[in-house]
Amino acid sequence: MIALLLADIHANLAALEAVLASAGKVDAVWVMGDTVGYGPEPGQVLALLHELGPLVVAVAGNHDRAVATGEGLELFNPYAAEAARLHRSWLSVAERDLLASLPLTRQADGFTLCHGSLRDPLWEYVTTARQAQETLSRSPTPGACNGHTHVPALFRYEGAAAVRDTATVDHPHPLAGRVLVNPGSVGQPRDGDPRAAYALLDTASGTITFRRTSYDVDGTQRRIRERRLPPFLADRLAVGR
Ligand code: ZN
């Protein structure tokens, strides 16, 4: 089985379309939260994921919750809060209800999915091996997948402790043992590479491959400005920060 791992799509339709085209045919699509927030097309991104139907296994991110219910808005920086308020006003009640119904964690094929961490599913940024260990030690499955940092990452157990592995692109990394995978952000990368990030998990060969694909950044920037979202949210897409 091939699972396409997505996180932090952030209402960037062009980036999501590019990733789906680049990934090719897959058997499942795992979405580690923050489908909305920041970008220009929250409704269209939700509709495109809806079209994929039963392939999709999705969890809630902090932005999804804020857009759906207003929860946590006070914890956002001013740009994120403004975008979340606008998204709340653009989406229908049905779309907001759908976001509100997303669970904090879900299991799929030996992996537990969350947005931040299994210690704090909505808000913790897992950036260290110690934090990865906290999540893996709470995982009911051998593997776990997260997002939230907008930076691709791979952690695995070596002996009694989790260590960081490299997350180099286009190279199949073995999945043996307990691993935590963050595919990076589809719609707002923050590792200095503006291309959309995703990962392909192959259960038959037991590998994870991190990938990047170019998309029309200019077009998304233009629509962010047209829709009166904070201009900073357009500027950062060009540099991937
Ligand atoms: Zn995010």
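Residues numbered from 1 in each chain as written. Predicted model: local features only at pLDDT ≥ 70, side-chain atom pairs only at ≥ 80, totals over all residues. Heavy atoms only, no water.

Quick word on the side chain of Asn146
What counts here: Here a helix means four or more residues in a row that DSSP labels H or I, a strand means two or more in a row labelled E, and each is numbered from the N terminus. Residue exposure (1.4 Å probe, protein chains only): buried if accessible area is under 20% of the type maximum, exposed if over 50%, otherwise partly exposed. Under the rule applied, a polar contact is a pair of N or O atoms within 3.5 Å (in protein, one hydrogen donor and one hydrogen acceptor; residues adjacent in sequence only if both atoms are side-chain atoms). In this description, contact between two residues means that some pair of their heavy atoms is separated by no more than 4.5 Å.
Inspection of the secondary structure puts Asn146 in the loop between strand E6 (143–145) and strand E7 (153–158). Asn146 gets classed as buried once you look at its relative accessible area, which sits at 2%. Looking at Asn146, its side chain comes within polar contact range of the main-chain oxygen of Gly116, at 3.0 Å. Sequence-distant contacts of Asn146, defined by excluding residues within four places in its chain, comprise Ala7, Met32, Cys114, His115, Gly116, Val126, Leu180, Val181, Asn182 and Pro183.

Focus: the sheet that holds E7
Selection criterion: Only strands joined by at least two bridges in the DSSP assignment are considered to pair. The angle between two axes is taken between their N-to-C directions and runs from 0 to 180 degrees, where each axis is a line fitted to C-alpha atoms and a helix contributes only its stretch in contact.
Pairing in this open sheet of 6 strands is mixed, and the strands run E4-E5-E6-E10-E7-E8 from one edge to the other. Strand pairing shows two members of the sheet lacking a second neighbour, strand E4 (106–108) and strand E8 (161–165), which therefore form its edges. Strand-to-strand, the axes of this sheet are offset by a mean angle of 25 degrees, without reference to chain direction. Summarising the sheet, E4 and strand E5 (residues 111–113) pair through 3 bridges and their orientation is antiparallel. Of the residues in E5, the one forming a bridge with Gln107 is Thr112.

Quick word on the nonpolar core
Spelled out, the test is: Throughout this description, the term nonpolar core refers to a set of buried Ala, Val, Leu, Ile, Met, Phe, Trp, Tyr and Cys residues connected via side-chain atoms within 4.5 Å.
Within the largest apolar cluster, 48 residues are counted, with the highest numbers of intra-cluster contacts made by Leu4, Leu6, Ile9, Leu16, Leu99, Val186 and Tyr215. Considering every element that reaches this core, the biggest residue donor is helix H1 (residues 13–23), with 8 residues. Ignoring sequence-local partners within four residues, the contact set of Tyr215 consists of Asn12, Ala14, Ala15, Ala18, Gly187, Pro194, Ala196, Thr220 and Leu237. Core analysis: the second largest hydrophobic core is formed by 20 residues, Ala3, Ala28, Ala108 and Phe210 among them.

Points about the coordination of the zinc ion
Put simply, the rule reads: Coordination here is defined by N, O and S atoms within 2.8 Å of the metal (3.2 Å for Na, K and Ca), and since water is not considered, a site can look incomplete. Square planar and octahedral sites, with four and six donors, are those where opposite donors lie more than 155 degrees apart and all other angles lie between 65 and 115, tetrahedral sites have four donors with every angle between 85 and 135 degrees, and the rest are irregular.
The zinc ion binds to the protein through Asp8 (OD), His10 (NE2), Asp34 (OD) and His150 (NE2); the donor distances cover 2.1 to 2.5 Å. Geometry at the zinc ion is irregular, judged from the 4 donor atoms that bind it and their angles of 87 to 172 degrees at the metal. All donors of the zinc ion come from a single chain, and their spacing in sequence reads D-x1-H-x23-D-x115-H. Separated by 116 residues along the polypeptide, Asp34 in the loop between strand E2 (28–31) and helix H2 (42–52) and His150 in the loop between E6 and E7 bring together distant segments of the chain. Residue Asp34 is classed as buried on the basis of its relative accessible area, which comes to 1%. Relative accessible area serves as the criterion here: at 2%, His150 is assigned to the buried category.

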